[in-house]
Amino acid sequence: MVSEEDLSDRFEKLKNVVRDFIKLIGDNPDRPELKDTPERVARMWLWELASGYGKDPDEHLKYFYVNSANYISTNRLVAILNIPVRSICEHHLLPFYGNAYIVYVPSNEVFGLSKFARVVDVFARRLQLQERLTEEVADYLFEKLKTEGLLVMIEAIHTCALIRGVEEPLSMVTLTTRGELSTDIKLREEALRIIRTRKPRKSLWFLKP
Ligand SMILES: [Zn+2]
């Protein structure tokens, strides 16, 4: 766990770094409009964008409401869809965002719906690669759910590509499977079919042609 003392020390240092950053890219950190920017940026990084470091997904974290319309249970599979993903690409320090989809074979482990969003969030709130984020979420859930089979898919838009003028690909899909969802082709097809029937959240639509 990160101590408050350590955090406020890093906050002070980070503010200076942001100030230097503004200067080094050619602007003037002393102009009035930028007065509060170093503090705002440092706060955003430490308490939001990079808040996943040192956190255990088991701990109580911010609650995310997962709409029951995004929860599907068939006799063989349970699916949680449209889980918000907000992360930072470790190559460019720019955000990528989208949805995660988790499908698993029900086991005896009881897992609240909001827990899935928390798990995704803890692993996402740090510098990431979408591929690694997908694997980390899958490894964690496969162990905790004690399930026979699991599929994790993330679809995300990378603003580093968007903002630098790269037309394709805007949205990237990563998918990983464990247990029966790796070996049983039919079951995997069923899982993917459930995901396909769901509409993505509106936030992704406006970027699609
Ligand atoms: Zn990037």
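All figures in this text were calculated on a predicted structure; none of them were measured in a lab.

Criteria and cut-off values
- Residues numbered from 1 in each chain as written.
- Predicted model: local features only at pLDDT ≥ 70, side-chain atom pairs only at ≥ 80, totals over all residues.
- Heavy atoms only, no water.
- Donors = N, O, S within 2.8 Å, 3.2 Å for Na, K, Ca; no water.
- Helix = DSSP H or I, 4+ residues; strand = E, 2+ residues; numbered from the N terminus.
- Buried < 20%, exposed > 50% of the residue type's maximum accessible area, 1.4 Å probe, protein only.
- Axes fitted to C-alpha atoms, helices over the stretch in contact; angles between N-to-C directions.
- Parallel < 35°, antiparallel > 145°, perpendicular 65-115°, else oblique.
- Left-handed = near helix turned anticlockwise from the far one by under 90°.
- Contact = heavy atoms within 4.5 Å.
- Nonpolar A, V, L, I, M, F, W, Y, C, P; charged D, E, K, R; others polar.
- Expected span 1.5 Å × (residues − 1).
- Polar contact = N/O pair within 3.5 Å; in protein donor to acceptor, adjacent residues only side chain to side chain.
- Salt bridge = Lys/Arg side-chain N within 4 Å of Asp/Glu carboxyl O.
- pLDDT = per-residue confidence, 0-100.

Caption draft 1: Inspection of the coordination of the zinc ion at higher detail. Taken together, the protein donors to the zinc ion comprise Cys 89 (SG), His 92 (ND1) and Cys 160 (SG), at separations of 2.1 to 2.2 Å. Taken in sequence order, the residues that donate to the zinc ion follow the motif C-x2-H-x67-C. Taken together, the positions of Cys 89 in strand β2 (residues 78-89) and Cys 160 in helix α5 (residues 159-163) put the pair 71 residues apart, joining distant regions of the chain. By relative accessible area, which is 6% here, Cys 89 ends up buried.

Caption draft 2: Quick peek at the packing of helix α1 (residues 4-24) against helix α2 (residues 37-49). Interhelical geometry of α1 versus α2 gives an angle of 130° and a closest axis separation of 8 Å. Put simply, α1 runs oblique to α2. Two packed elements cross with a definite hand, and for α1 against α2 that hand is right-handed. Of the residues in α2, those touching α1 at Leu 7, Arg 10, Phe 11, Leu 14, Lys 15, Val 18, Arg 19 and Ile 22 are Thr 37, Pro 38, Glu 39, Val 41, Ala 42, Arg 43, Trp 45, Leu 46 and Trp 47. For the contact of α1 with α2, the residue count by class is 11 nonpolar, 1 polar and 5 charged.

Caption draft 3: Quick look at helix α7 (residues 185-197). Its 13 residues place the ends of α7 18 Å apart at the C-alpha level, agreeing with the 18 Å of an ideal helix rising 1.5 Å per residue. The set of residues buried in α7 consists of Leu 187, Glu 190, Ala 191, Leu 192, Ile 194 and Ile 195. Looking at the buried residues of α7, the elements they touch are β1 (71-73), β2, β3 (94-104), β5 (149-158), β6 (171-179) and α6 (180-183). Here α7 starts with a cap whose side-chain oxygen sits 3.1 Å from the backbone nitrogen of Lys 186, and that cap is Asp 184.

Caption draft 4: The arrangement of the pattern of salt bridges in detail. All told, the structure shown has 16 salt bridges when counted by the stated rule. Arg 125 serves as the salt-bridge partner of Asp 121, at 3.4 Å between the closest nitrogen and oxygen. Assigned by exposure class, Asp 121 and Arg 125 land together as buried. Here Glu 189 makes a salt bridge to Arg 196, at a shortest N to O gap of 3.8 Å. Taken together, the salt bridges that share partners define one network made up of Asp 27, Arg 31 and Glu 33.

Caption draft 5: How the structure looks around the confidence of the model for the chain. With 87% of its residues at a pLDDT of 70 or more, the chain shows a mean pLDDT of 87. Note on residues 61-66: pLDDT is under 50 here. Beyond four places in sequence and across chains, it has 15 contacts. In the predicted structure, residues 203-209 sits below a pLDDT of 50 and forms 15 contacts with residues beyond four places in sequence or in another chain.

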